[in-house]
Every structure is written in structure tokens, then in C-alpha cells.
Amino acid sequence: MLAKFKQQGYPSWFAPILMGVFAWVLLTGLAMWPLLLTFQWELELPWTPSGIARTLITAAHVLGGLLLLILIGAVWLVHARAGWLRQERRISGTGMLMLTGMLLLSAPLILYVSFEPALPWITTSHAVAGLMLPVLLIVHLISRRSRRRR
């Protein structure tokens with residue numbers, strides 16, 4: 001992956017930073033699953049993050065998400081457009097961009113929608129899209145490796 005980004009003109013630090021921020025957002029998102037199950041779906045769990053921990057996890061997730069969005073914009077400018085023109089891995093690449101768009105649209109809804117019956121569905125769709133994104137990224141990387149071996 002590093003070689004591909006370097007070949008396309010990205011600095012050598014870009015891919016590790018992109019994957020590091022992606023992992024940060026994924027881990028903080030996973031840490032918020034107990035909150036989703038407790039507060040949105042009203043399930044009784046043995047543990048959920050308390051006040052300050054909940055705030056810190058959420059803030060870290062939002063900050064990481066904003067940074068990840070900037071990095072994905074940089075990926076879109078060169079990498080995604082070049083792959084589209086070469087007709088390479090269009091399904092996984094388009095899927096990742098669509099999931100990113102879904103996450104981008106659902107994030108402000110989580111914060112600002114006041115219609116209580118909709119909130120569990122909005123937060124769950126955001127969380128599921130966030131879980132599907134790394135799966136598609138792995139598919140995207142594996143299909144690249146298998147294509148290179150042929």
C-alpha cells in the first residue's frame with residue numbers, strides 16, 4: 001500500500017498516518033458500542049463508560065473522524081480518481097466512499113435530531129457503517145494483492 005501511495009505522489013508518511021487515524025477512529029467507535037446499546041437500545045450491560053470517560057471517548061472519536069475526513073479527501077483527489085479511470089477495484093472503492101458518505105451524513109444527525117424514535121436507528125446505522133468500512137478496506141487491499149500476483 002505504501003508503494004502505491006508513493007507512486008502516486010503522496011509523501012512517505014501519508015499511508016501510515018491514514019491507517020493510524022483510521023485505527024484510532026475505529027477503536028474509539030468500538031469503545032462507544034456499550035453507550036449505543038445502553039442509551040439507545042436500553043439494554044442492561046455490566047459496564048458502560050461513565051461521565052468523563054464517555055465525553056473523552058466521544059471527543060476523541062469526533063476529532064479523529066474530522067481528521068480522517070481530511071485524509072480521505074486527499075485520497076479522493078489522486079488515488080480514488082486514478083483507480084476509477086484505470087477501472088481498478090471499483091466496487092470496493094465505491095463502497096468505501098459510499099460508507100464514508102453515510103458516516104458523514106449520519107454524524108450530525110446523531111447530534112442534532114430531536115425526534116427520539118429515530119435516534120436508535122440513526123446511531124445504529126452509523127455504527128454498522130463504521131464496522132463495514134474496515135471490512136471493505138481489507139477486501140480492497142486483498143483484491144489488489146491478488147491482482148498483482150496474476
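No experiment lies behind these values; they were computed from the predicted model shown. (Residues numbered from 1 in each chain as written. Predicted model: local features only at pLDDT ≥ 70, side-chain atom pairs only at ≥ 80, totals over all residues. Heavy atoms only, no water.)

Draft legend 1. Region of the structure containing the side chain of Gln8. When you line up the elements, Gln8 lands in the loop between helix 1 (2-7) and helix 2 (14-31). Not counting the four nearest positions on each side in its chain, Gln8 is found in contact with Val78, His79, Ala82 and Arg86. (Helix = DSSP H or I, 4+ residues; strand = E, 2+ residues; numbered from the N terminus. Contact = heavy atoms within 4.5 Å.)

Draft legend 2. Region of the structure containing a nonpolar patch on the surface. A grouping of Trp41, Leu43, Leu45 and Trp121 is seen on the molecular surface, where their side chains present a nonpolar patch of about 400 Å² in accessible area. Position of Trp121 relative to the elements: it lies in helix 6 (residues 119-149). (Patch = residues over 30% accessible without salt bridge, like charges linked within 9 Å, V, L, I, M, F, W, Y side chains within 5 Å. Areas by Shrake-Rupley, 256 points an atom, 1.4 Å probe, with all protein chains shown as cover. Salt bridge = Lys/Arg side-chain N within 4 Å of Asp/Glu carboxyl O.)

Draft legend 3. Structural detail: the nonpolar core. Core analysis: the largest hydrophobic core is formed by 18 residues, its most contacted members being Phe5, Phe14, Leu18, Leu68 and Leu133. Per-element tally for this core: the top contributor is helix 2, with 6 residues. For Leu18, the residues in contact, after removing those within four places along its chain, are Phe5, Leu68, Leu71 and Val75. (Core = buried A, V, L, I, M, F, W, Y, C linked by side-chain atoms within 4.5 Å. Buried < 20%, exposed > 50% of the residue type's maximum accessible area, 1.4 Å probe, protein only.)

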